Amino acid sequence: MKSKLRKVLAATLTVMLFCSACGLGNSTTGITVTTVAAESAANEAQETETVEAGNEEGANEVTVGLARDVYEIPDYINNVEAGTKIVRLSVSMGASDYGVSASGVMFKTFVDRLEELSGGTMVAQVYPANQLASSTDDIINGLVTNAFEFAEVGVGNWGDYTTAFTPCNTPFIFPNDETTYKVMSGEIGDQMIGQLLEDTGIRATGFMYLGMRTITNNTKEIHLPSDLKGMKIRVQSDPTELALFEELGASTMTVSFSELFTALQQKLCDGQDNPIISIVSRKFYEVQGYITMLNHLPNISMFVCSDDYYQSLSEEEQAWIDEASQDATQACYQALIDTQNTLRSQLEAYGIVITDLTEEEYNAFVESSAKTRASCEEIIGEEGWSKLMVAIEESEG
């Protein structure tokens, strides 16, 4: 971790020059705005994304995705009263998803609640589509150098920094959405957050759950591990996920999430694993015709800031951040539950072949990943593994 942070800090000058060009400050407590302007209004246009069904003869028009551009991201940089403290958020969500998709609901809830709780003295400025940072190294660099205050980082991207999220990256142990959310919201989740803070100096104030991960490809239906042989699958950079797909018989590659569509389009890889919501929001369905509901791992991103920044805030400001983060976490989960079945139906109408595994087929994947799971158990430790299994069992009940 220390060598990683040295690598990250070595990039400080580059990030500071970039942020200067973008008009971003470098205060340890966020920006204090000195301009006065009117409050931004939300864009009420109910525009939906309409795409052509490329897999159906006649190319019938099919709507894929939720309403887009319903809300406009508030511009607090230029439109708040003097003395207002701004918290800058670097996120992967596209601007058109703000307040609509599960991730968009999370960030809009955080923005709205922080302004409400603080009475407008502390607000959050969202920078969408990875425009401030895209790779994990760049994000961590931005946090520790105060280029921005908050970001979201997937649990599968922390492998070079901490083993805190090994439970989330252990394949085939979380059976469904509800169980995953309960475990993350309880003692096990708190332990992961505590280890993250201890190992990295990064504090998580909430998390974004976006469903169980699936496999997509543009060649064939996947029913058994043998179907993955000869396929190159893009996976997250976590060592356990790399080991999982290699054990299942695939070759693997890593590429940043922001560059994944291009990698698929140019056939640099045959497939990838992500939840339904990401397949829709990033339009992977335009270049991938098959989805297998493998549900091998939960898709979770941690909502994080540097602990140095957090400790620089007053106790009252910390309380606002904590409450807004928890409200945003809950809103994100509810939005996921409310929308993911609709998104699946839209994908099927578009012409995507979605495969639900039989119990026998699912068990074949479980049996074929025993070494990866055993490696995770060893990392977590006997006592930690026992607590994790109990927490999952109790959450299922």
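The notes below deal with the structure included here.

**A word on the pairing of strand β11 (residues 271-274)**
For a regular strand, side chains alternate in direction, first toward one face of the sheet and then toward the other.
Moving on, step 1. In β11, alternate side chains face the same way, and those of Gly 271 and Asp 273 on one face and Gln 272 and Asn 274 on the other are all buried.
Moving on, step 2. The sheet contact formed by strand β8 (residues 214-217) and β11 spans four bridges and is antiparallel. Each bridged residue has a counterpart across the sheet, and for Asn 217 the counterpart in β11 is Gly 271.
Moving on, step 3. In this sheet, β11 lies alongside strand β9 (residues 232-234) in parallel orientation, the contact comprising two bridges. Looking across to β11, one finds that Ile 233 is bridged to Gly 271.

**Brief notes about the pattern of salt bridges**
In a structure, side chains of opposite charge can pair up when their charged atoms sit close to one another.
Moving on, step 1. For the structure shown, the criterion picks out 13 salt bridges.
Moving on, step 2. Between Arg 113 and Glu 116 there is a salt bridge whose closest N-O contact spans 3.0 Å. Placement of the pair is Arg 113 and Glu 116 together in helix α3 (residues 102-118), with a separation of three residues, close to one helical turn.
Moving on, step 3. Connected through shared salt-bridge partners, Arg 113, Glu 116, Glu 323 and Asp 327 make up one network.

**Regarding the pairing of strand β4 (residues 85-90)**
Moving on, step 1. A large share of β4 lies buried, amounting to six of its six residues.
Moving on, step 2. In β4, alternate side chains face the same way, and those of Lys 85, Val 87 and Leu 89 on one face and Ile 86, Arg 88 and Ser 90 on the other are all buried.
Moving on, step 3. Alignment of β4 against strand β5 (residues 122-127), held across six bridges, turns out to be parallel. Bridging across to β5, Ser 90 finds its partner in Tyr 127.
Moving on, step 4. Handedness of the β-α-β unit built from β4, α3 and β5 comes out right-handed.
Moving on, step 5. In this sheet, strand β6 (residues 150-154) lies alongside β4 in parallel orientation, the contact comprising two bridges. Bridging from a neighbouring strand, Leu 89 pairs with Phe 150 of β6.

**Section: the packing of α3 against helix α11 (residues 315-350)**
Moving on, step 1. Where α3 contacts α11, the two axes come as close as 8 Å, and the packing angle between them is 150°. By the angle between their axes, α3 is roughly antiparallel relative to α11. You can see that α3 and α11 cross each other, and the crossing is right-handed. On α11, the residues that touch Ala 102, Ser 103, Val 105, Met 106, Thr 109, Phe 110, Arg 113, Leu 114, Leu 117 and Ser 118 of α3 are Trp 320, Ile 321, Glu 323, Ala 324, Ser 325, Asp 327, Ala 328, Thr 329, Ala 331, Cys 332, Ala 335 and Leu 336.

**Let's talk about the environment of Asn 363**
Moving on, step 1. Relative to the helices and strands, Asn 363 resides in helix α12 (residues 359-368).
Moving on, step 2. Taking the relative accessible area as the measure of exposure, Asn 363 reaches 31% and is therefore partly exposed.

**Structural notes on the packing of aromatic side chains**
Moving on, step 1. Counted according to the given criterion, the structure contains 13 aromatic pairs.
Moving on, step 2. Note on Trp 158 and Phe 165: the rings are 6.1 Å apart at their centroids and 45° apart in plane angle, and the pair reads as tilted.
Moving on, step 3. The class for Trp 158 is buried, based on a relative accessible area of 1%.
Moving on, step 4. Measuring from ring centre to ring centre gives 5.6 Å for Tyr 181 and Phe 207, while their planes differ by 50°; the resulting arrangement is tilted. Highlighted residues: Tyr 181 in helix α5 (residues 177-185) and Phe 207 in strand β7 (residues 202-212), separated in sequence by 26 residues.
Moving on, step 5. On the basis of relative accessibility, which here comes to 14%, the residue Tyr 181 falls in the buried class.
Moving on, step 6. Taken together, the aromatic side chains of Phe 107, Phe 110, Phe 150, Phe 303 and Tyr 309 make up a single cluster linked through ring pairs.
Moving on, step 7. The ring of Tyr 71 has Lys 108 sitting right over it, with the charged end atom 4.6 Å from the ring centre.

About the criteria used
- Residues numbered from 1 in each chain as written.
- Predicted model: local features only at pLDDT ≥ 70, side-chain atom pairs only at ≥ 80, totals over all residues.
- Heavy atoms only, no water.
- Buried < 20%, exposed > 50% of the residue type's maximum accessible area, 1.4 Å probe, protein only.
- Helix = DSSP H or I, 4+ residues; strand = E, 2+ residues; numbered from the N terminus.
- Pairing = 2+ DSSP bridges.
- Salt bridge = Lys/Arg side-chain N within 4 Å of Asp/Glu carboxyl O.
- Right-handed = clockwise from strand over helix to strand, strands pointing away.
- Axes fitted to C-alpha atoms, helices over the stretch in contact; angles between N-to-C directions.
- Parallel < 35°, antiparallel > 145°, perpendicular 65-115°, else oblique.
- Left-handed = near helix turned anticlockwise from the far one by under 90°.
- Contact = heavy atoms within 4.5 Å.
- Phe/Tyr/Trp six-rings, centres within 6.5 Å; stacked < 30°, edge-to-face > 60°.
- Lys NZ or Arg CZ within 6 Å of the ring centre and 35° of its normal.

Fair warning: the whole summary comes from geometry, so function is off the table for now.
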